[in-house]
Protein chains: 2
Amino acid sequence: MKILIVDDEINIRNVVKEYAEHEGFKADEAGDGMEAVTMAKAQDYDLIIMDVMMPRLDGFSACKEIRKTKDTPIIILSARDDEYDQQHGFDLGIDDYVTKPFSPPLLMARVKAVVSRRNSSRTNVTEPMTFEGLEINMSGREVYVDGKRANMTPKEYDLLFYLVKNRNIALTRDKLLEEVWGYDFFGDDRTVDTHIKMLRNSLGEYRKFIVTLRGMGYKFEA
Amino acid sequence: MKILIVDDEINIRNVVKEYAEHEGFKADEAGDGMEAVTMAKAQDYDLIIMDVMMPRLDGFSACKEIRKTKDTPIIILSARDDEYDQQHGFDLGIDDYVTKPFSPPLLMARVKAVVSRRNSSRTNVTEPMTFEGLEINMSGREVYVDGKRANMTPKEYDLLFYLVKNRNIALTRDKLLEEVWGYDFFGDDRTVDTHIKMLRNSLGEYRKFIVTLRGMGYKFEA
DNA sequence: CGATCACCATGAAGATTCTGATTGTCGATG
DNA sequence: CATCGACAATCAGAATCTTCATGGTGATCG
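Residues numbered from 1 in each chain as written. Chains lettered and ligands numbered in written order. Predicted model: local features only at pLDDT ≥ 70, side-chain atom pairs only at ≥ 80, totals over all residues. Heavy atoms only, no water.

Draft legend 1. Representation of the protein's contact with DNA strand D within the structure. Taken together, 22 residues sit near DNA strand D, with Thr-212 and Tyr-218 of chain A together with Arg-200, Thr-212 and Tyr-218 of chain B positioned nearest. Sugar and phosphate atoms constitute 76% of the interface atoms of DNA strand D, taking the interface as everything within 4 Å of the protein. In this structure, Arg-173 of chain A approaches DNA strand D through a side-chain N or O atom, which is 3.2 Å from a phosphate oxygen. At 3.1 Å, a side-chain N or O of Lys-197 of chain B approaches a base nitrogen of DNA strand D. (Near = heavy atom within 4 Å. Polar contact = N/O pair within 3.5 Å; in protein donor to acceptor, adjacent residues only side chain to side chain.)

Put into structure tokens, the structure is as follows:
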């Protein structure tokens, strides 16, 4: 696992590098956008952490240039919220962004998330799963019940996919809320129940795979 | 799970404490940095929530001092964005920071994220264990007795899993009540006995693994 | 405006706790 | 070494409390 750290401030590069190496990554550094483009094209990095404000070539322009030849995952570091323009993010296929000032552990959490997302989407792609008459195609975001396409809501897909990814593992409502709804969701536990109910309806007879663990949460049991 | 709340304003401490306890944390309080350092060094907290502006010793200096002996996760509460100085954050290994004014649920979300981030790197999915004909799968919340699925109540699972996690260790009823029932359970000692009884029934012949320690408590003996 | 979602109230199913009676254990003692 | 007393553990079941599925409501958003 090799990452490229791009920032004009050497202090930041050093700190990030230290944390990254501590997490078992190898880390190269670049001091501006031009350098970053050259290095990113010459090598296959698993991830690039890129500052926005830099001399010679800014972070967004560097991304655009890199994207012409590579689709290396990129995390953007931007100094203020409004510096990160959504338009840019969408166009350039930015994987995540972190606003400065940031805490290194937080950044590392994002790094690991992006890397594992890429990896899992690579291995899981083209591998629809079948549980009896229930076919689940995560990459295509399709679910078939006895061969018939199930039309589900976004949350149902998210919930089902998370359950299936962690099948045979007991999941608390809190865990589900955190992972499916997001850590910044301040909602009610019962919300999970409601969506489980709707998901079960969508799954017809295959609702049986979704097991209630009383006093605990739920589990997809295959 | 025990956290330390550090702030000079008692109102803030109270609010945070209330929320934290609602989430199942135990919470101690400190009114300034000096106090915080003393307490954090004396005990192993799972997390420290630390204000920046405080009399006697400010939050950052307190972190620095604590970091000399412990690497307890720390969340910083800072009054304004610019009060959180990058230098500080980097040097001190702050896990996250929240700017005042904050909403308690947001803070709690961050707290849970930090704690679970720390834990997930360690305590992940546990492999199923077998003791003769008794199979225990904690992640799946499944127990098999001679290959037959045992259908148990939540407390039975919790109790059994805690006993097994601490197998060959003598556990008092008080310890079990605190760890399995929760620190806020003010019930009778006999409650443990009752659940031990039901657990033994569920385990059939493998009840023999649960040993009574007269005048003491119980032990899972493998 | 329709789809989706979060949240709430409800009641039934299920789990937990407590009580008090019973049984078991162990050391002291005649 | 048999017995007793004191205390600890076990047990059954009734009362109480919790939890979850469900259906409905209102908010939100495209």
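Draft legend 2. Representation of the nonpolar core within the structure. Residues Leu-134, Val-143, Leu-160, Leu-163, Leu-176 and Phe-220 of chain A are the most contacted members of the largest nonpolar core, which totals 31 residues. Put simply, the parts of the chain that give this core at least two residues each are β6 (129-131), β7 (134-137), β8 (142-145), α6 (154-165), α7 (173-181), α8 (190-203) and β12 (217-220) of chain A. Counting residues in hydrophobic clusters, the runner-up holds 30 residues, among them Leu-171, Leu-177, Ile-210 and Tyr-218 of chain B. (Core = buried A, V, L, I, M, F, W, Y, C linked by side-chain atoms within 4.5 Å. Buried < 20%, exposed > 50% of the residue type's maximum accessible area, 1.4 Å probe, protein only. Helix = DSSP H or I, 4+ residues; strand = E, 2+ residues; numbered from the N terminus.)

Draft legend 3. Broad picture of the packing of α7 of chain A against α8 of chain A. All names here are of chain A. Here α7 crosses α8 at 75 degrees, and the two axes come no closer than 9 Å. Overall, the two elements α7 and α8 adopt an arrangement that is roughly perpendicular. Taking contact as the criterion, the partners of Arg-173, Leu-176, Leu-177 and Trp-181 in α7 are, on α8, Arg-190, Thr-191, Val-192, Asp-193 and His-195. For the contact of α7 with α8, a count of residues per class yields four nonpolar, two polar and three charged. (Axes fitted to C-alpha atoms, helices over the stretch in contact; angles between N-to-C directions. Parallel < 35°, antiparallel > 145°, perpendicular 65-115°, else oblique. Contact = heavy atoms within 4.5 Å. Nonpolar A, V, L, I, M, F, W, Y, C, P; charged D, E, K, R; others polar.)

Draft legend 4. Region of interest: the environment of Pro-55 of chain A. Residues and elements named next belong to chain A. Considering the arrangement of structural elements, one finds Pro-55 in the loop between β3 (47-51) and α3 (59-67). Under the relative-accessibility criterion, Pro-55 is labelled partly exposed at 42%. Sequence separation between Pro-55 and Asp-7 is 48 residues, and the spatial gap between their C-alpha atoms is 9.5 Å. Leave out the neighbours within four places in its chain, and Pro-55 touches Asp-8, Asp-32 and Gly-33.

Draft legend 5. Structural view of the protein's contact with DNA strand C. Around DNA strand C there are 24 residues in total, and Thr-153 and His-195 of chain A together with Thr-153, Thr-191 and Arg-214 of chain B lie nearest to it. Among all atoms of DNA strand C positioned within 4 Å of the protein, those belonging to sugar or phosphate total 78%. Here a base nitrogen of DNA strand C and a side-chain polar atom of Thr-194 of chain A are 2.9 Å apart. Thr-191 of chain B places a polar side-chain atom, nitrogen or oxygen, 2.6 Å from a phosphate oxygen of DNA strand C. Elements supplying a minimum of two residues to the surface near DNA strand C: α6 and α8 of chain A together with α6 (154-165) and α8 (190-203) of chain B. Ranked by residue count, the leading element in the surface near DNA strand C is α8 of chain B, at four residues. Tallied by class, residues from the surface near DNA strand C come to eight nonpolar, ten polar and six charged.

Draft legend 6. Here's a closer look at the sheet that holds strand β8 (residues 142-145) of chain B. All names here are of chain B. Taken in spatial order, the four strands line up as β6-β7-β8-β9 in an open sheet, and their pairing is antiparallel. Where the open sheet ends on each side, the last strands, each with one partner, are β6 (129-131) and β9 (148-149). Bridge count for strand β7 (residues 134-137) against β8 is four bridges, and the pairing is antiparallel. Paired with Ile-136 across the strands is Val-143, a residue of β8. (Pairing = 2+ DSSP bridges.)

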